[in-house]
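Examining the three-dimensional arrangement
So the chains spell out like this:
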Amino acid sequence: MDKFLLRNIENPNSADISEYVKAGGYRNLSKALELSPSDIMEEIKKSGLRGRGGAGFPTGMKWSFAKADPKFPKYLLCNADEGEPGTFKDRPILEKNPHLLIEGMVISGYVLGSEYGYIYLRGEYPAAADILNAAIKQAYESNYLGDNINGKGIKFHLAVHQGAGAYICGEETALIESIEGKKGQPRNKPPFPVNVGAWSMPTIVNNVETLSNLPYIIEIGGEAYSNIGSKECPGPKLFSVSGHVKNPGVYELPMGTSLKDIIYTHAGGMRDGSKLKAVIPGGISTPVLPADAVDCAMDFVAMPKAGSMLGSGAVIVMDESVCMVKVAYRALKFFEHESCGKCVPCREGTDWLRKVLERMEKGNGKEGDIELLSDIAGIMLGRTFCPLGDGAAGVVMGMIKHFRNEFEEHIKEGRCKLRN
Amino acid sequence: MFNETVLKEIDDIKARYPDRKSALLPSLYVAQREFGWLSHEAMECVSKALNVPEAMVRGTASFYSMYRHRPVGRHVIQLCTNVSCMILGAEKLVDFLETRYGVQPGGTSHDSRFSLVIMECIGACGTAPAMLVNTDFHDNLSEKRIEEILEKYK
Ligand SMILES: Cc1cc2nc3c(=O)[nH]c(=O)nc-3n(C[C@H](O)[C@H](O)[C@H](O)COP(=O)(O)O)c2cc1C
Ligand code: SF4
Ligand code: FES
């Protein structure tokens, strides 16, 4: 498959507008502006594009809800919070192909009737902030942003908003609270952001990768796009692969590429002498899979059937040197730290799970601790205000399901056999 | 109080949003740059510049982990220890930073050269372990590489 999202990024000046234009950039914007917004909307629906932020919601559907709301102005927020541990897929777009994102956002603004966009960028990406700001400035100078885009009287303004280190701000309603200057605590839904979002106006939140697909849909048409990769969720997908593989990195592959191929073909297989033990396939919030379960298609429909989730497509590969109790403990330390504190099951549950896992990891686990973990996770599941708490519970359940013996060993032997 | 240049910078930030409160996060970054950390005085300046109650400024600032609520050293090391970094040895690096530079997680070395903050994934998992020193990324870390890198931060 030809690359689109990562096209031209080997060019050291790929972030510069003249290089982007030389490689065909902003041509899709010009093409889009010759079409009517509703025609483009049809193409998007035909394309079958689903959001790449983790939940896989159909983009065309989300957009038609926002478009149907008569209130103006409407805001377009790009979710560049990329906080899910293991995930670094949006970073190459932000740092090496920023004009692709800008082009995608201008097209989106045109379709949605939105004249104001913001890129909510995680605070941990200071270099990307400079690159994006420089790219936005160039785009204004070339009339791809501003009050008269391409001389067609079309208006779209764009600014970067930097977060400050809070994972929960990746959740779309928390992101909106945060951009309004508040603590990033999720809002009740409904009303949904498409009706009452930022500054109480209709607001569309989409991931960096989702918005960067727009120029591609314009380039090849919705029909052709829908034929790439999986039938039920087509298109190119970025996978970030980390851990004990030979060639970790970000790979652009058709949606539905098998997890096995990602590990053994694209990422070069396991590092010398090591053997696969487990994979976290979609970022730390997705349940772990054991080595014998990696023969599955990486998309939003197949992964739940395989016992996990596609999430952000962040594949964390672990060899046999890794202690799963320790991974579970580290993951829960993360969730406890990032819980926003708004709802009891998550605030208390993550704290408890972490405490029990910590004592197991340190060799002080007690008889009945595995059941205790399952109980706490079971109580949390489906009772938290937002998916963060559910994710934490699911992670613990997955670990116990596939690696119960390791948890039992820790309790029985009072130590970890893998620790030297 | 902020000087004229900084107030102008904050005015420019405000102009990017439909509502002045939205300028709070970026303005806190400005205050942190000016004062080195978010002292009481720093937050008071933000409150005045944005005309937002101090309680809201403090409440918001306390929620986010990248704001500093006590003085920090000349350089802030932000080391990731989340899973991708952990399985490639990040924890040993925490110990190394302590023995070699006398800096503990959440603390500052006696000579005020370094502060250390433990991070939850900085998006460099493919080149783990990784850290930010101030705003610079450094990855594929080992003890030796950390020594080489930190030479440049006096
Ligand atoms: C705890 C939590 C963290 C999230 N973090 C991110 C993130 O870092 N980036 C992102 O694009 N979406 C994230 N999401 C998903 C967003 O809420 C939202 O679904 C997404 O931005 C919608 O964009 P999409 O339709 O293009 O996927 C997160 C969700 C939750 C519950
Ligand atoms: S589940 Fe956790 S992060 Fe989500 S609202 Fe509840 S406390 Fe906050
Ligand atoms: S886990 Fe360390 S940078 Fe992502």
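All right, on to empty space enclosed by the protein then. All names here are of chain A. Applying the stated criterion to the full structure yields four cavities of 30 Å³ or more. Roughly 130 Å³ of internal volume is contained in the largest cavity. Lining the largest cavity we find 14 residues, and of these Arg7, Tyr20, Ala23, Gly25 and Leu100 sit closest to its centre. Within the residue set of the lining of the largest cavity, elements represented by two or more residues are helix 6 (98-112) and helix 10 (214-220). Its boundaries defined by the atoms lining it, the second largest cavity holds a volume of some 80 Å³. Taken together, Ile168, Pro186, Ser339, Cys340, Gly341, Lys342, Cys343, Cys346, Arg347, Phe385, Cys386 and Leu388 make up the full set of residues lining the second largest cavity. By residue class, the composition of the lining of the second largest cavity is eight nonpolar, two polar and two charged.

Attention shifts here to unusual backbone geometry. The residue after Phe72(A), namely Pro73(A), is reached through a cis peptide bond having omega -5 degrees. Examined against the element boundaries, Pro73(A) turns out to sit in the loop between helix 4 (59-68) and strand 1 (75-80). With an omega dihedral of 0 degrees, the bond running from Pro190(A) to Pro191(A) counts as a cis peptide bond. Tracing the backbone shows Pro191(A) in the loop between helix 8 (172-179) and strand 5 (203-207). Backbone geometry at Asn140(B) places phi at a positive 50 degrees, although glycine is not the residue there. Mapped onto the elements of the fold, Asn140(B) is located in the loop between strand 4 (136-138) and helix 7 (143-151). The exposure class of Asn140(B) is partly exposed, given its relative accessible area of 45%.

With that settled, the discussion passes to the site of ligand 1. Residues and elements named next belong to chain A. If you check the shell around ligand 1, you find 19 residues, and the closest are Gly53, Asn79, Asn206, Asn207 and Thr210. One of the side-chain N or O atoms of Thr210 is found 2.7 Å from an oxygen atom in ligand 1. For ligand 1, the accessible surface in isolation is 610 Å², of which the surrounding protein chains cover 89%. Secondary-structure elements contributing two or more residues to the shell around ligand 1 are strand 5 and helix 17 (387-413). Looking at the shell around ligand 1 residue by residue, the classes come out as five nonpolar, eight polar and six charged.

Now for the sheet that holds strand 7 (residues 249-254) of chain A. Residue and element names in this part refer to chain A. Read across the sheet, five strands follow the order 7-6-10-8-9 without closing on themselves; strand pairing throughout is mixed. Unpaired on one side and paired on the other, strand 7 and strand 9 (289-290) mark the two borders of the sheet. Two strands pair when backbone bridges link them, and strand 8 (residues 276-280) and strand 9 are joined in this way by two bridges, in the antiparallel orientation. Across the sheet, the residue bridging to Val279 is Leu289, located in strand 9.

Met318(A), Phe335(A), Leu373(A), Phe407(A) and Tyr64(B) are the most contacted members of the largest nonpolar core, which totals 87 residues. Grouped together as the second largest cluster of nonpolar side chains are 70 residues, Leu5(A), Phe88(A), Ile218(A) and Leu238(A) included.

What follows concerns the packing of aromatic side chains. With the rule as written, the count across this model stands at 18 aromatic pairs over all chains. Judged by centre distance (6.5 Å) and plane angle (55 degrees), the ring pair of Tyr125(A) and Phe137(B) falls under tilted. Taken as a pair, Tyr125(A) in the loop between strand 2 (116-121) and helix 7 (126-141) and Phe137(B) in strand 4 lie in two separate chains rather than in one. Across the pair, Phe137(B) and Tyr125(A) agree in class, each one buried. Through successive ring pairs, a cluster of aromatic residues spans Tyr75(A), Tyr116(A), Tyr118(A), Trp199(A) and Tyr17(B). The ring of Phe137(B) carries the charged tip of Arg91(A) above its face, separated from the ring centre by 4.0 Å. Between Arg100(B) and the ring centre of Tyr101(B), over which it is positioned, the NZ or CZ distance is 4.7 Å.

Facing the 37 residues of chain B at the interface are 52 residues of chain A. Among the residues chain B hides against chain A, the three largest losses belong to Phe63(B), Ile87(B) and Glu120(B). Together they make up 18% of the total. On inspection of chain B and its partner chain A, the count reaches two salt bridges. Taking the shortest distance from any N to any O, the salt bridge between Arg330(A) and Glu120(B) comes out at 2.9 Å. Among the elements of the structure, helix 2 (24-35), helix 4 (54-63) and helix 5 (83-86) of chain B are those that each provide at least two residues to the side of chain B that touches chain A.

Analysis parameters
Residues numbered from 1 in each chain as written. Chains lettered and ligands numbered in written order. Predicted model: local features only at pLDDT ≥ 70, side-chain atom pairs only at ≥ 80, totals over all residues. Heavy atoms only, no water. 1 Å grid on protein atoms, 1.4 Å probe; cavity = no way out; pocket = protein on both sides within 12 Å on 5 of 7 lines; lining within 4 Å. Points joined across faces, edges and corners; volume = space filled by probe spheres on them. Helix = DSSP H or I, 4+ residues; strand = E, 2+ residues; numbered from the N terminus. Nonpolar A, V, L, I, M, F, W, Y, C, P; charged D, E, K, R; others polar. Buried < 20%, exposed > 50% of the residue type's maximum accessible area, 1.4 Å probe, protein only. Near = heavy atom within 4 Å. Polar contact = N/O pair within 3.5 Å; in protein donor to acceptor, adjacent residues only side chain to side chain. Areas by Shrake-Rupley, 256 points an atom, 1.4 Å probe, with all protein chains shown as cover. Pairing = 2+ DSSP bridges. Core = buried A, V, L, I, M, F, W, Y, C linked by side-chain atoms within 4.5 Å. Phe/Tyr/Trp six-rings, centres within 6.5 Å; stacked < 30°, edge-to-face > 60°. Lys NZ or Arg CZ within 6 Å of the ring centre and 35° of its normal. Contact = heavy atoms within 4.5 Å. Buried area = accessible area lost by both parts, 1.4 Å probe. Salt bridge = Lys/Arg side-chain N within 4 Å of Asp/Glu carboxyl O.

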